[in-house]
Amino acid sequence: MKRTSVALFAILLALPICLPIHARAAAPPSDRTALFRDGNYGMFIHFGLYSHLGGRWQGRTFYGIGEWILRQMKIPLADYMAVAKEFNPSEFDARAVALLARQAGMKWIIITSKHHEGFAMFRSAHPFNIVDATPFGRDPMKELAEACREAGLGFGFYYSHNQDWTAPGGTNGPTQNPDGSPAAFSRYFREKCFPQVREICTQYGPLQFIWFDTPGSMPREQVIELEQLVRGTQPGALLCSRIGHGLGDYVSQGDMEVPPRNREGLWETCDTTNDSWAFAWYDQNWKDSREILLRLVRTVGRGGTYLLNVGPDGKGRIPPPAARYLRQAGDWIRRYPQVVYGAGPSPWGYAMPWGDATTQGRTLHLAVFDWPHDGRLFLPPLQSALRSAHLVAGRKRIPIRWAAAGAWTELRLPAAPPDRPAGVIALEFAEIPRAEAVPGIHPNMPATLLVDFAEVSGAEKKEIRWMEKFGEWKHVTQAGAWSESGRAVWAVEVAAAGDYYVELVYRGEGRPTWTIATDEGVRLENNQNASSVYHAFPFGLLHFSRPGRHTVTVALADGIRDRISLSAVRFTPAE
Ligand code: FHN
């Protein structure tokens, strides 16, 4: 089970990213958190005027997260607001959306009631809303709240409290009122934000979540007013940390960030089924069921909860590829609910090359996405006694043999995977299984040692993030700014002696010369090209003469020291 003690993070900037900082908050009562703690999987929906545009304005495409089109394409506000007259999501079917979430195995839905564009997707006293300003004239939030209740799903609203691009005074909104006087954030807050949050909190029945976003430099008093409003009107609702100022019941990680190592407390990763949150006509980069499940199981394995987004189009339809892969993933979850619901983190504390692991008390479930070609699955050292091992096949549990391989455990599996996209193995232990978070080098599949797990000295180790396309975030921990004595040292567990093909994953300029050394005195030195994006460059064969604990040290022998950043070392067994 995840712990309910919470270390909360705050959102710093009104940009499409959250930068986490530690904060303190009282742990919420456990009954409020039960759905979140045990459900582990929810649906996020980005739906607004931007859905009608679908990433295109006057024949030009904005290749970034679709809901930012107004700001990124600098569309005149009056023109953008006039889009409401055409917005008619007549095919929006709240029951079908709730059914999809259920089929997908999700336990709640959180939908954008107002995004940064400032358009309310609910009946509001403020006229820029879907009921009063569009030919659609319905309140889809009401329909979805009811459909979720009927379907037994939790329900909550996203609300952009700080950014409002069409309301004078809203962050990144008009700086003048219609009469030409200077616009004030306090007036936007008093006349639009606060009343609208009261509306969403009082017109839609009991809510399980209020998901504020991008607090930026919003004043603390106003954030607290919103917090108190939610607490007073929706005592059962959880607030995510993006409300700001260290408040909230759980931490929201950076967008699309599945952390590489276990994290304590209540937290969530929000992610999307393609690259954009809102519908974008060109974005066909759909996560298939394997990718959805891998990211879900990795998030749960790290101790978190996974919130996965879909973006309905301007007619209100969820794109068919997203729906198809969500359902397929849901079919798998129905076969292996124990891997997801009520599941706790992996004892190893990091992802395995073959998949990932989650726990139910003394049972460890392995979700094996890359079934070993030789039927031998290697588990890095565990500190708890293994009692039994079974393949899970529906209600049937088929015993499997295992043997100690040094401090590792080798499971003997059938040659073919019993299921797709992952087979599941249940291991019973004498206690809740424990292990050290030491990365392993596997004898029959490639393993990646991330800089997250290295001791770095004489170089700067830091978490960085960047946008591939606008709003499409990638996260990595890198070692950069290398001094002459700089090094990254990994403690590793090697399952088997032998030769391993080593690649370094880095980015930078010029042609760096690297050294890679082990505690056994083996030393590789080689020079390779560099590229501006992270890339795996081959460095040669490295030999371990015995299995067990070793160290691997990587140093930049020569190169443009402040322009080279290392993110990982990859070991592939030579055959
Ligand atoms: O700027 C928004 C973005 O459009 C999207 O809503 C994401 C979802 O987490 N939140 C903000 C950026 O972090």
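Residues numbered from 1 in each chain as written. Predicted model: local features only at pLDDT ≥ 70, side-chain atom pairs only at ≥ 80, totals over all residues. Heavy atoms only, no water.

Peer 1: Teacher, can you tell me more about the overall build of the protein here?
Peer 2: Each helix and strand counted, the protein has 12 helices and 32 strands in total. A compact globule built from 575 residues should have a C-alpha radius of gyration of about 25 Å, and the protein, at 25 Å, falls within 12% of that. When the backbone C-alpha atoms are referred to their principal axes, the protein occupies close to 80 × 60 × 45 Å. Evaluated residue by residue, the protein yields a buried proportion of 59% over its 575 residues. Pairs at least 24 apart in sequence give 72% of the contacts found in the protein among residues at least 6 apart. Carbon together with sulfur atoms contributes 50% to the accessible area of the protein, which is approximately 21700 Å² in total. (Helix = DSSP H or I, 4+ residues; strand = E, 2+ residues; numbered from the N terminus. Rg over C-alpha atoms; globule rule 2.2 N^0.38 Å. Buried < 20%, exposed > 50% of the residue type's maximum accessible area, 1.4 Å probe, protein only. Contact = heavy atoms within 4.5 Å. Areas by Shrake-Rupley, 256 points an atom, 1.4 Å probe, with all protein chains shown as cover.)

Peer 1: Just checking my understanding: could you explain the site of the ligand for this structure?
Peer 2: By nearness alone, 17 residues border the ligand, and His46, Glu67, His116, Asp213 and Asp255 come closest of all. For the ligand, an oxygen atom lies 2.7 Å from a polar atom in the side chain of His46. A total of 320 Å² of accessible area belongs to the ligand in isolation, and the protein chains cover 100% of it. Among the residues making up the shell around the ligand, the classes are represented as 9 nonpolar, 4 polar and 4 charged. (Near = heavy atom within 4 Å. Polar contact = N/O pair within 3.5 Å; in protein donor to acceptor, adjacent residues only side chain to side chain. Nonpolar A, V, L, I, M, F, W, Y, C, P; charged D, E, K, R; others polar.)

Peer 1: Is there a simple way to explain the packing of aromatic side chains in this structure?
Peer 2: Between two aromatic rings, the relevant description is the distance of the centres plus the angle of the planes. Across all of its chains, the model carries 34 aromatic pairs by this definition. Consider the rings of Phe155 and Phe157, whose centres lie 5.0 Å apart with planes at 75°: the pair is edge-to-face. Overall, the relative accessible area of 1% leaves Phe155 in the buried class. These aromatic residues form a ring-pair network of at least three members: Phe47, Phe87, Phe92, Phe119 and Phe128. Its end group placed over the ring of Trp281, Arg56 keeps NZ or CZ at 4.7 Å from the ring centre. A cation over a ring is seen here: Lys142 above Tyr204, with NZ or CZ 5.0 Å from the ring centre. (Phe/Tyr/Trp six-rings, centres within 6.5 Å; stacked < 30°, edge-to-face > 60°. Lys NZ or Arg CZ within 6 Å of the ring centre and 35° of its normal.)

Peer 1: Please clarify how the sheet that holds strand E18 (residues 401–405) should be interpreted in this entry.
Peer 2: Within a beta sheet, neighbouring strands are joined by backbone hydrogen bonds and run either parallel or antiparallel to one another. Spatial strand order, E15-E19-E18: 3 strands in an open sheet with antiparallel pairing. With partners counted over all chains shown, the strands left at the sheet margins are strand E15 (376–379) and E18, one partner each. Strand-to-strand twist of the sheet, defined as the mean angle between neighbouring strand axes without regard to direction, takes the value 25°. Two elements, E18 and strand E19 (residues 408–412), share 5 bridges in a ladder whose sense is antiparallel. For Ala405, the partnering residue across the bridge sits in E19 and is Trp408. (Pairing = 2+ DSSP bridges. Axes fitted to C-alpha atoms, helices over the stretch in contact; angles between N-to-C directions.)

Peer 1: Looking at this model, I keep getting lost on the nonpolar core. Mind explaining?
Peer 2: The nonpolar side chains of soluble globular proteins are, as a tendency, buried together. Grouped together as the largest cluster of nonpolar side chains are 114 residues, with contacts concentrated most on Met43, Ile109, Leu144, Ile210, Leu326 and Trp332. Looking at this core, the element that brings in the most residues is helix H8 (residues 185–202), giving 8 residues. Formed jointly, this core draws a minimum of three residues from each of two domains, domain 1 (35–337) and domain 2 (355–437). The residues touching Met43, leaving out its near neighbours within four places in the chain, are Val97, Leu100, Ala101, Met106, Trp108, Ile109, Ile110, Leu307, Leu308, Val310 and Leu326. In this structure, Leu382, Trp490, Leu556 and Leu566 belong to the second largest nonpolar core, which totals 54 residues. (Core = buried A, V, L, I, M, F, W, Y, C linked by side-chain atoms within 4.5 Å. Domains from an automatic or database assignment.)

Peer 1: Looking at this structure, how should I read the confidence of the model for the protein?
Peer 2: Parts of the prediction with low pLDDT should not have their coordinates interpreted in detail. Overall, the predicted model of the protein reaches an average pLDDT of 94, with 95% of residues at or above 70. pLDDT under 50 marks residues 1–28. Its contacts with residues more than four places away, or in other chains, come to 101 contacts. (pLDDT = per-residue confidence, 0-100.)

Peer 1: Would you mind going over the sheet that holds strand E3 (residues 41–45) with me for this structure?
Peer 2: The 8 strands are arranged E9-E8-E7-E6-E3-E12-E11-E10 in an open sheet whose pairing can be described as parallel. If you trace the sheet from one side to the other, it starts and ends with strand E9 (238–239) and strand E10 (251–252), each paired once. Here 4 bridges tie strand E7 (residues 154–159) to strand E8 (residues 209–212), and the two strands are oriented parallel to one another. Each bridged residue has a counterpart across the sheet, and for Gly156 the counterpart in E8 is Phe209. Taken strand by strand, H8 contacts strand E6 (108–114), E7 and E8, and its axis lies near 170° from that of E7.

Peer 1: Hey, could you run me through the state of the cysteines in this one?
Peer 2: Disulfide: a covalent bond connecting the sulfur atoms of a pair of cysteines. All chains considered together, the criterion is met by 0 disulfides. In this structure Cys240 is not part of a disulfide, and its nearest cysteine sulfur, from Cys270, lies 7.9 Å away. (Disulfide = S-S within 2.5 Å.)

Peer 1: Quick question: what am I supposed to make of the domain arrangement of the protein here?
Peer 2: Interface size is commonly expressed as the accessible surface area that is lost when the partners come together. Taken domain by domain, the protein consists of domain 1 (35–337), domain 2 (355–437) and domain 3 (447–573). The straight-line distance from the C-alpha centre of domain 2 to that of domain 3 is 29 Å. Contact residues are listed per partner, giving 5 residues for domain 2 and 5 residues for domain 3. Carbon and sulfur atoms supply 59% of the area that domain 2 and domain 3 bury against each other, a total of about 400 Å² over both sides. In this structure, the salt-bridge partner of Glu436 is Arg549, at a minimum N-O distance of 3.0 Å. On inspection of domain 2 and its partner domain 3, the count reaches 1 residue pair in polar contact (both at pLDDT 80 or more). Among the residues forming the side of domain 2 that touches domain 3, the class breakdown is 4 nonpolar, no polar and 1 charged. (Buried area = accessible area lost by both parts, 1.4 Å probe. Salt bridge = Lys/Arg side-chain N within 4 Å of Asp/Glu carboxyl O.)

Peer 1: Honestly, the packing of H8 against helix H9 (residues 220–233) in this entry has me stumped. Any pointers?
Peer 2: Across the interface, H8 lies against H9 with an axial gap of 10 Å and an inter-helix angle of 15°. Here H9 runs roughly parallel to H8, going by the angle between their axes. In this structure, the crossing between H8 and H9 has a hand that is right-handed. Judged by residue contacts, Phe185, Ser186, Phe189, Arg190, Cys193, Phe194, Val197, Arg198, Cys201 and Thr202 of H8 engage Gln222, Glu225, Leu226, Leu229, Val230 and Thr233 from H9. (Parallel < 35°, antiparallel > 145°, perpendicular 65-115°, else oblique. Left-handed = near helix turned anticlockwise from the far one by under 90°.)

Peer 1: Hey, could you run me through the side chain of Ser388 in this one?
Peer 2: Its location among the elements puts Ser388 in strand E16 (residues 386–393). Of the residues examined, Ser388 reaches a relative accessible area of 17% and is grouped as buried. If near-sequence neighbours (up to four positions away) are discounted, Ser388 is found in contact with Trp402, Ala426, Leu427 and Glu428.

Peer 1: Explain the packing of helix H5 (residues 94–103) against helix H11 (residues 320–335) here, please?
Peer 2: Helix packing for two helices is described by the angle between their axes and how far apart those axes are. Where H5 contacts H11, the axes come no closer than 7 Å and their chain directions differ by 45°. Looking at the two axes, H5 sits oblique to H11. Residues Leu100, Arg102 and Gln103 of H5 touch H11, and the partners they reach there are Ala323, Leu326, Arg327, Gly330, Asp331 and Arg334. Here the contact of H5 with H11 is composed, by residue class, of 3 nonpolar, 2 polar and 4 charged.

Peer 1: Is there a simple way to explain the pattern of salt bridges in this structure?
Peer 2: Two side chains of opposite charge can pair, provided their charged atoms sit close to one another. Under the defined criterion, the tally for this structure stands at 34 salt bridges. Its salt-bridge partner being Glu428, residue Arg397 comes within 3.9 Å of it at the nearest N-O pair. Highlighted residues: Arg397 in strand E17 (residues 396–399) and Glu428 in strand E20 (residues 423–429), separated in sequence by 31 residues. Classification of Glu428 by relative accessible area gives partly exposed; the value is 23%.

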